[in-house]
Amino acid sequence: MAEETYPINLWVNEERLEKLQAAGLAGMCKEVLAGLKVLAVPNTAEQRDKILKLFTMAKFDTATTKSIELLPKFVKDKIFDLVVARKKIDVMDEFLSKFEQTGDAFWSQQIA
Amino acid sequence: MENIGHGGKEIVERILPKDAAIKRVNEMRAAKAKELDVRLQIATEVIDIAYGFFSPLEGFMTKADVDAVCDNMTLADGKTVWAIPIVFDMSDEDLKKSGIKQNDEVLLTYTSNPFAVFEVSDIFTLDKQDMAQKVYGTTDEKHPGVKRTYQYQDKFIGGKITLLNPPKINEPFTRFWLTPKQMRERFKEKGWEMIINHQTRNVPHTGHEWLMKGAYLGAYGSMMVDKPRGGILVNAIIGSKREGDYIDEAIILCQEAQGKHGYFRDDIFLTTCSLWDMRYAGPREAVFHACLRTNLGCTHHMFGRDHAGVGSYYDPYDAHRIFDKLPKGSLNITPIFNLDWWFCPVCDEVTYMGVCGHKDKKASFSGTMIRSIIQDGVKPPRRIFRPEVFDMIMECAEKYGFGDAFVTEDYLKRRNPVFTIEPLK
Ligand SMILES: [Zn+2]
């Protein structure tokens, strides 16, 4: 994995934690705020640029969180589903190619 | 003279009673007075002027006032502190077409309904770039205040305003709308001698909550505790929005929720709103906020890190330092300066930069981070974010935000207006 990971922060509530536990990924969560857990999905610089181009509302927050922010909930939900289905956090290549292939239909598709 | 506002003058209130207003409109129309329909931006400030939010201003600024504000941060009298120009702009073409000239009385309408009388006393031009540099410290049009300045038309009109037709404040803002005189009445009813203003355009997390609590404890000082002799006024700024801001409805209802659910005692806490388009002028806007809240009757005003700033145009504490540069006695409100609050995993609490000695272990929660959490629909721990406040955000997103707690294009297009001007009858 590249040194700089330009993460997408997926915030983890109990419902998400259960799914991550089932996928054996609960240990990848980091506690950041008074017990609040976050799962950082890594991106390379190239993936980051692609995301910012595909989702124009998104920004890379250099000032505070140092992560890709302002992605809509349905996008982040889909990334989370993919993480759980593939039992790994390196899912952005698949995510991006699926979205590029299927476009907006991707959001309503089940992950096979 | 008990309602003394900023500048040591009685709170301005320039409103005609309904019967007199109807008569005035009829007279003006019979005399073929010029009429001008104003946009929301101007209508908002007409209301602010007429109710005395901008006391001692009685109207839109003349050139002498604007120049003094830009050059010396005072009005044209050379002593009343004022930091932001309040101007009425018009295109050269429209001005010519309207035939408006000095000493005219113009009937202003809003959404085509009679609204206010504008006594034209000055028509002038301004160097917008120079104004931007002096007010905002930059001429960069990416700065939202500078952008607004550049968007002004080329001609400016100064003169007094008299409101003919009070705004109808729409739900859910109705109960939060108090004029300066009404606010002072409310403080009197509550028996408050000390009123700390908290300026906000945010949904509160516990960092904000603790800022307010810290300010309250600090300012309460040696007053007797037999009954609440002071309180916190959350005065939310409701005005022009940028995409990504919290929606107005969430701001006001979530602020109120802090009191409703006991995080502040009901008798020391009041949530209201004022109409103002944020200029993001950092230090100068801090001074403006101090004047505004003096008019509301507040005795203290909190100023946080990067108060009213945007991007990296200002040092985070410029908005504190500017108060040192004002002549003594020129403001009738005491600033309370805040450093940062953060969550400390060692203290295991939200704590204050000026107190906690675990700086290297701190977990700051920036607005961006909180926003990221909220957008995921994940309820943060109660030490970070009160669950009732979180529930209220989600409710507001559904009820007012077309599914989003943050301003979207959709919201800007379809939202219910904060106020309307109805037919005058
Ligand atoms: Zn500590």
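Before reading on, note that the structure itself is shown above.
Below is a short write-up of the structure. (Residues numbered from 1 in each chain as written. Chains lettered and ligands numbered in written order. Predicted model: local features only at pLDDT ≥ 70, side-chain atom pairs only at ≥ 80, totals over all residues. Heavy atoms only, no water.)

## A closer look at the overall build of chain B
No. 1: Counting secondary structure elements, chain B contains 14 helices and 15 strands.
No. 2: Compactness check: chain B gives a C-alpha radius of gyration of 22 Å against a globular reference of 22 Å for 425 residues, within 12% of the reference.
No. 3: Taking the principal axes of the C-alpha coordinates as reference, chain B spans close to 75 × 45 × 45 Å.
No. 4: Looking at chain B residue by residue over its 425 residues, the buried ones come to 59%.
No. 5: In the form shown here, chain B has an accessible surface area of approximately 17800 Å², with 48% of it arising from carbon and sulfur atoms.
No. 6: Across chain B, the centroid of the 56 positively charged side chains sits 1 Å from that of the 59 negatively charged ones. (Helix = DSSP H or I, 4+ residues; strand = E, 2+ residues; numbered from the N terminus. Rg over C-alpha atoms; globule rule 2.2 N^0.38 Å. Buried < 20%, exposed > 50% of the residue type's maximum accessible area, 1.4 Å probe, protein only. Areas by Shrake-Rupley, 256 points an atom, 1.4 Å probe, with all protein chains shown as cover. Lys, Arg positive; Asp, Glu negative; His and termini not counted. Charge placed at Lys NZ, Arg CZ, Asp CG, Glu CD.)

## A few points about the overall build of chain A
No. 1: When helices and strands are counted, chain A shows 4 helices and 5 strands.
No. 2: Seen in sequence order, chain A has helices and strands lined up from the N terminus as β-α-β-β-α-β-β-α-α.
No. 3: For a compact globule of 112 residues, the expected C-alpha radius of gyration is about 13 Å, and chain A comes in at 14 Å, within 12% of that figure.
No. 4: Considered along the principal axes of its C-alpha atoms, chain A spans approximately 35 × 35 × 25 Å.
No. 5: The buried share of chain A, taken over its 112 residues, is 44%.
No. 6: Across chain A, every contact between residues at least 6 apart in sequence was considered, and the portion connecting residues at least 24 apart equals 62%.
No. 7: Roughly 6100 Å² of accessible area belongs to chain A as shown, and the carbon and sulfur atoms make up 50% of that amount.
No. 8: On chain A, the mean spot of the 16 positive side-chain charges and the mean spot of the 17 negative ones are 2 Å from each other. (Contact = heavy atoms within 4.5 Å.)

## Regarding the nonpolar core
No. 1: Counting 142 residues, the largest nonpolar core has W82, L108 and F115 of chain B as the members making the most contacts within it.
No. 2: Residue assignment places this core across two domains, with domain 1 (6-166) and domain 2 (174-420) of chain B each supplying three or more.
No. 3: Setting aside chain neighbours within four positions, we find W82 of chain B in contact with H6, F54, S55, P56, L57, M61, V69, M73, T74, L75, F288 and C291 of chain B.
No. 4: Counting 29 residues, the second-largest nonpolar core is a separate cluster that includes V12, L39, F55 and F106 of chain A. (Core = buried A, V, L, I, M, F, W, Y, C linked by side-chain atoms within 4.5 Å. Domains from an automatic or database assignment.)

## Some remarks on the pattern of salt bridges
No. 1: Evaluation of the coordinates by the stated rule reveals 48 salt bridges over all chains.
No. 2: Across the pair E27 of chain B and K23 of chain B runs a salt bridge whose closest N-O atoms are separated by 3.7 Å. Of this pair, E27 of chain B and K23 of chain B both sit in helix α1 (residues 18-30), 4 residues apart, roughly one helical turn.
No. 3: A salt bridge links D92 of chain B to K96 of chain B; the nearest nitrogen and oxygen atoms lie 3.8 Å apart. With D92 of chain B and K96 of chain B both in helix α4 (residues 92-98) and 4 residues apart, this pair spans about one turn of that helix.
No. 4: The exposure class of D92 of chain B is partly exposed, given its relative accessible area of 29%.
No. 5: By sharing partners, the salt bridges in this structure join R16, K73, K76 and D77 of chain A together with D376 of chain B into a single network. (Salt bridge = Lys/Arg side-chain N within 4 Å of Asp/Glu carboxyl O.)

## Observations regarding the sheet that holds strand β10 (residues 269-275) of chain B
All names here are of chain B.
No. 1: Overall, parallel pairing links the 5 strands, which are arranged β10-β9-β8-β11-β12 in an open sheet. Looking at strand neighbours, the two that pair on one side only are β10 and β12 (334-337), the edges of this open sheet. Mean inter-strand twist for the sheet, computed between neighbouring axes without regard to direction, equals 30°.
No. 2: Strand direction decides the pairing type here: strand β11 (residues 300-303) and β12, joined by 4 bridges, are parallel. Paired with H301 across the two strands is P335, which belongs to β12.
No. 3: Contacts from helix α8 (residues 206-220) reach β8 (194-200), β9 (230-238), β10, β11 and β12, with the element oriented near 155° to β8.
No. 4: On top of the sheet, helix α9 (residues 248-260) reaches β8, β9 and β10; it is set at about 165° to β10, its chief contact. (Pairing = 2+ DSSP bridges. Axes fitted to C-alpha atoms, helices over the stretch in contact; angles between N-to-C directions.)

## Digging into the environment of P327 of chain B
All names here are of chain B.
No. 1: Mapped onto the elements, P327 comes out in the loop between α11 (318-321) and β12.
No. 2: Owing to a relative accessible area of 53%, P327 belongs among the exposed residues under this scheme.
No. 3: For the pair formed by P327 and T294, sequence separation is 33 residues and the distance between their alpha carbons is 16 Å.

## Digging into the state of the cysteines
Each disulfide is one covalent bond, formed between the sulfur atoms of two cysteines.
All names here are of chain B.
No. 1: Scanning the entire structure with this criterion turns up 0 disulfides over all chains.
No. 2: C298 forms no disulfide, and the closest cysteine sulfur to it belongs to C291, at a distance of 12 Å.
No. 3: Here C298 falls in the buried class, since its relative accessible area comes to 4%.
No. 4: Free cysteine: C396, not disulfide-bonded; nearest cysteine sulfur from C254 at 5.3 Å. (Disulfide = S-S within 2.5 Å.)

## Quick notes on the interface of chain B and chain A
No. 1: Listed per partner, the contact involves 17 residues of chain B and 18 residues of chain A.
No. 2: Summed over both partners, the interface of chain B with chain A buries about 1500 Å², with 67% contributed by carbon and sulfur atoms.
No. 3: Put simply, chain B and chain A have 2 salt bridges between them.
No. 4: The residue K76 of chain A makes a salt bridge to D376 of chain B at a minimum N-O spacing of 2.8 Å.
No. 5: Here chain B is connected to chain A by 5 residue pairs in polar contact (both at pLDDT 80 or more).
No. 6: Considering each element in turn, the side of chain B that touches chain A owes the most residues, 6 residues, to helix α12 (residues 367-375) of chain B.
No. 7: Taken together, the residues of the side of chain B that touches chain A break down into 9 nonpolar, 5 polar and 3 charged. (Buried area = accessible area lost by both parts, 1.4 Å probe. Polar contact = N/O pair within 3.5 Å; in protein donor to acceptor, adjacent residues only side chain to side chain. Nonpolar A, V, L, I, M, F, W, Y, C, P; charged D, E, K, R; others polar.)

## Some details on the pairing of β10 of chain B
All names here are of chain B.
No. 1: Among the 7 residues that make up β10, 7 are buried, leaving the element largely enclosed by the rest of the structure.
No. 2: A two-sided burial pattern is seen for β10, the buried positions comprising F269, T271, C273 and L275 on one face and L270, T272 and S274 on the other.
No. 3: As judged from the 7 bridges shared by β9 and β10, these two strands associate in the parallel manner. Looking at β10, one finds that I237 is bridged to S274.
No. 4: Between the parallel pair β9 and β10, the chain is carried across by α9, and the sense of this crossover is right-handed. (Right-handed = clockwise from strand over helix to strand, strands pointing away.)

## A short note on the coordination of the zinc ion
No. 1: Taken together, C344 of chain B (SG), C347 of chain B (SG), C356 of chain B (SG) and H358 of chain B (ND1) make up the full set of protein donors to the zinc ion, lying 2.0 to 2.3 Å away.
No. 2: Its 4 donor atoms give the zinc ion angles of 98 to 124° at the centre, a pattern that matches the tetrahedral case. (Donors = N, O, S within 2.8 Å, 3.2 Å for Na, K, Ca; no water. Tetrahedral: all angles 85-135°; square planar, octahedral: opposite > 155°, others 65-115°.)

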